[in-house]
Amino acid sequence: AENHTLMTEFVLSGLSSHPELRHLLFFTICIVYSMTLIGNLLICMVTVHPSLHTPMYFFLRVLSFLDISTASVVVPKMLVTLQSEDRSISYLGCVTQLYCVVFLAATEWYLLAAMAYDRYVAVCCPLRYAAVMNTRACLSLVLLSCCSGKVVSVVQTAWVFTLSLCGPRRINYFFCDIPPLVLLSCSDTGRYERQLTSATVLVIFTPFCLILLSYGCIISSILRISSAESRHKAFSTCSSHLTVVTLYCASGTLIYLQPRSSNSQEAKKILALVYTTVIPTLNPLIYSLRNKEVKEVLIRGVAVLMKK
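Since we're looking at a predicted model, the values are computed, not measured.

**Q** Just give me the short version of a nonpolar patch on the surface, but keep the residues and values in it.
**A** A cluster of nonpolar side chains, contributed by Leu41, Leu42 and Met45, occupies part of the molecular surface with about 280 Å² of accessible area. Summarising the element assignment, Leu42 is placed in helix 1 (residues 22-46). Take Leu42: its relative accessible area is 30%, and that puts it in the partly exposed class.

**Q** So what's going on with the packing of helix 3 (residues 91-124) against helix 7 (residues 190-222)? Residues and values would help.
**A** When two helices pack together, their arrangement is given by the angle between the helix axes and by the axis-to-axis distance. At a closest axis distance of 9 Å, the pairing of helix 3 and helix 7 adopts a crossing angle of 15 degrees. Considering their axes alone, helix 3 and helix 7 lie roughly parallel with respect to each other. Handedness of the crossing formed by helix 3 with helix 7: left-handed. Residues Ala106, Trp109, Tyr110, Leu112, Ala113, Ala116, Tyr117, Arg119, Tyr120, Val123 and Cys124 of helix 3 pack against Leu202, Val203, Ile204, Pro207, Phe208, Ile211, Ser214, Tyr215, Cys217, Ile218 and Ser221 of helix 7. Of the residues that constitute the contact of helix 3 with helix 7, the class distribution is 19 nonpolar, 2 polar and 1 charged.

**Q** Any details on the nonpolar core? Residues and values, ideally.
**A** Among the nonpolar cores identified, the biggest contains 77 residues, and Phe10, Phe59, Trp109, Ile171, Ile178 and Leu181 are the most heavily contacted of them. Broken down by element, this core gets its largest block of residues, 16 residues, from helix 3. Sequence-distant contacts of Leu181, that is, excluding residues within four places in its chain, are made with Phe10, Cys94, Leu98, Val160, Phe161, Leu165, Ile171 and Cys176.

**Q** I'd like a rundown of the state of the cysteines, residues and numbers included.
**A** Under the defined criterion, the tally for this structure stands at 1 disulfide. With a sulfur-sulfur separation of 2.0 Å, Cys94 is cross-linked through a disulfide to Cys176. Measuring the twist about the S-S bond at about -120 degrees, one finds the Cys94-Cys176 disulfide to be left-handed. Of this pair, Cys94 sits in helix 3 while Cys176 sits in the loop between strand 3 (170-171) and helix 6 (178-182), and the two are 82 residues apart along the sequence. Side by side, Cys94 and Cys176 carry an identical accessibility label, which is buried.

Definitions and limits used
Residues numbered from 1 in each chain as written. Predicted model: local features only at pLDDT ≥ 70, side-chain atom pairs only at ≥ 80, totals over all residues. Heavy atoms only, no water. Patch = residues over 30% accessible without salt bridge, like charges linked within 9 Å, V, L, I, M, F, W, Y side chains within 5 Å. Areas by Shrake-Rupley, 256 points an atom, 1.4 Å probe, with all protein chains shown as cover. Salt bridge = Lys/Arg side-chain N within 4 Å of Asp/Glu carboxyl O. Helix = DSSP H or I, 4+ residues; strand = E, 2+ residues; numbered from the N terminus. Buried < 20%, exposed > 50% of the residue type's maximum accessible area, 1.4 Å probe, protein only. Axes fitted to C-alpha atoms, helices over the stretch in contact; angles between N-to-C directions. Parallel < 35°, antiparallel > 145°, perpendicular 65-115°, else oblique. Left-handed = near helix turned anticlockwise from the far one by under 90°. Contact = heavy atoms within 4.5 Å. Nonpolar A, V, L, I, M, F, W, Y, C, P; charged D, E, K, R; others polar. Core = buried A, V, L, I, M, F, W, Y, C linked by side-chain atoms within 4.5 Å. Disulfide = S-S within 2.5 Å.

Structural data, given as C-alpha cells:
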C-alpha cells in the first residue's frame, strides 16, 4: 500500500468532469471572482470613512477581508484546473490550502457570532453600547475569532494528514478539503469522523445557536418598537444577516457531517462552490451595499471622482 508519506503530490479532478463545460465555467467563475474582489475591496475602502467608524462597519471590514482571502485561496487554483491539463497540487500545497480554508471558514463563523452580539448590544442595550462595544472589545472579539479559527485549523489539518492516505492520489474535488481527503484513507476513520462531527458542532452549531439567541432577543425588542417603519427596517436587517448565516450553516453541515460519503461528492462540490465562491460575492450586497449610510458614502466618493 502507498503510504501518505510517499506522496509528493495529489491530482485534483476539478469542478466538472465534462470537458465541454470547462470554458463556460472558467469565464463564469472569473466574473464571480472579479465581483467578489471588487465588492469586498469596495467595502474595505468605504468603511474606513470617518462617518462609518462604528463597530458594525469594523466587523464588516474584517468580514470582507476574510471573504477575499477565502475566494483567493480556492478560486485561482480552480481556474488553473479548468484550463490546464496539469491538475497536480504538491503535498505541501495541499496541506497549506486545507489549513487556510478551515482557518478562514472557522474564523468567519466566530466573527458572524461577534457581529450578532454587536447588534444585540446596539438594539437591546443602546445606553451601554458605547461602553460595551469599545475599540478594545471589538479588537478582542476579532482576535478571539482568529485564535479559535487557528486552533480548529491546526487540529483538523493535523488529523487529516496523519491518516494513512494509501488510496489513489486523485482527489475528486476542485481544492484540498477534508471530505475528499478522508476518502483517500485506507485506515479506519470512524474515530476521526466522530471527532469531525464534534468539531462541526463546535465551529458551526455553537455560533449558530448564539446568533439565533442574539436575534431572538433583538426581535423581542423590535416588537416593542411603536414605529412600524422602524420595525420594518430592523426586521430587514435581521433577515439579511440570518439569510447568509443559514446559507453558511446549511452548506457547511452538509459538506462536513458525512466526510466519507462518496455518493454525494458532486453535490458537495456544488455546496463547496457556494460556500467558497458565491457567498463571498453576496456578502457585500447583503450586509453593506443595501445600507443607506454606505450608499451615501459611495455616492459622495463617485461624485468627487467625477469632478476630478
